[in-house]
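# Examining the three-dimensional arrangement
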Amino acid sequence: MNTAANSEPTRLSVLISGFGPYDHVPVNPSQLVPKLLAEQGIAANPGDLDDPLRGVQLDVHAVTMPVSYAGSWAMLERELERVQPDIVVATGLKRAARGILLERGALNRTDSTRPDADDVVADRGPIREGAPAAYWTRLPLRAILNAFSKDHTLPASLTSDAGTFVCNALFYQLQDWAAHQTRDVLTGFVSLPLINDEPHPQHGLPLERQVVAIRHVVRQSVAYLLDM
Ligand code: PCA
């Protein structure tokens, strides 16, 4: 993407999605983090001349989806059409995660005995018949991980397994959608751990750290997009 050096800010929009409560998880961080980011906005750090967000006006949209195979994609697709985002960061909870999990890719498969919010237990099989077996993320995971590593309070790792439940199904459909767009849209999935405010938690991270993490994800994605 070419940005001329003029005074007009480059307008970009980001859609950040998450899920509502499910399975005895009363507060899903993936519901709160996108909402907080949309409320707070994401802008350049005033003192940082190298901040990729300098000269960028970023519109931040949040959506909370039901933990339903059909309902989550229907809702996200509607938002994609409405917002026409340049970047999409889908998030979901991984209860066993110690920190932030940057998902490398989505598999064309459901395989879970767990019923979704509509009481649907998905067949073991492809999400989209005849579609590719997997899609890679479009988010710049290495740059994001580097940004995290400078912040020692953000444990994170790359993972190749978004599970076989609703998160992976949503991720797969999002990547399939992006593959069929005529313009480049950076799309991907980040799994969040439980909210845990203990100083040295075995599992989970404080909500505020999770918000900072997704801010890094968006900032690095903007840098990557402007460089394309
Ligand atoms: N995590 C579930 C679905 C919703 C969520 O936040 C999953 O791992 O598929």
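Residues numbered from 1 in each chain as written. Predicted model: local features only at pLDDT ≥ 70, side-chain atom pairs only at ≥ 80, totals over all residues. Heavy atoms only, no water.

- In the annotation of an unreviewed UniProt entry, the protein chain is listed under the name Pyrrolidone-carboxylate peptidase and assigned to Bifidobacterium gallicum DSM 20093 = LMG 11596.

### A word on the sheet that holds strand β3 (residues 87-93)
- Taken together, the 6 strands give an open sheet; going across it, the order is β2-β1-β3-β8-β4-β7, and neighbouring strands pair in mixed fashion. Two strands bound the open sheet, and with one partner strand each, they are β2 (56-65) and β7 (156-159). In this sheet, adjacent strand axes meet at a mean angle of 25 degrees when their direction is disregarded.
- Where strand β1 (residues 10-19) and β3 come together, 4 bridges link them in parallel fashion. When the bridges of β3 are listed, Leu15 appears paired with Val88. (Pairing = 2+ DSSP bridges. Helix = DSSP H or I, 4+ residues; strand = E, 2+ residues; numbered from the N terminus. Axes fitted to C-alpha atoms, helices over the stretch in contact; angles between N-to-C directions.)

### Focus on the site of the ligand
- Near the ligand, the surroundings consist of Phe19, Tyr22, Asn28, Val67, Gly92, Leu93, Lys94, Phe165, Val166 and Cys167.
- Note that an oxygen atom of the ligand is positioned 2.8 Å from one of the backbone N or O atoms of Leu93.
- Cys167 has a polar backbone atom sitting 2.9 Å from an oxygen atom of the ligand.
- Contact with the protein chains removes 96% of the 270 Å² of surface that the ligand exposes when unbound.
- When each cavity is represented as a set of grid points, the ligand is found to reside in the largest pocket.
- Broken down by secondary-structure element, the contributors of at least two residues to the shell around the ligand are β3 and α4 (166-179).
- Classifying every residue of the shell around the ligand gives 7 nonpolar, 2 polar and 1 charged. (Near = heavy atom within 4 Å. Polar contact = N/O pair within 3.5 Å; in protein donor to acceptor, adjacent residues only side chain to side chain. Areas by Shrake-Rupley, 256 points an atom, 1.4 Å probe, with all protein chains shown as cover. 1 Å grid on protein atoms, 1.4 Å probe; cavity = no way out; pocket = protein on both sides within 12 Å on 5 of 7 lines; lining within 4 Å. Sits in = over half its atoms within 2 Å of the grid points. Nonpolar A, V, L, I, M, F, W, Y, C, P; charged D, E, K, R; others polar.)

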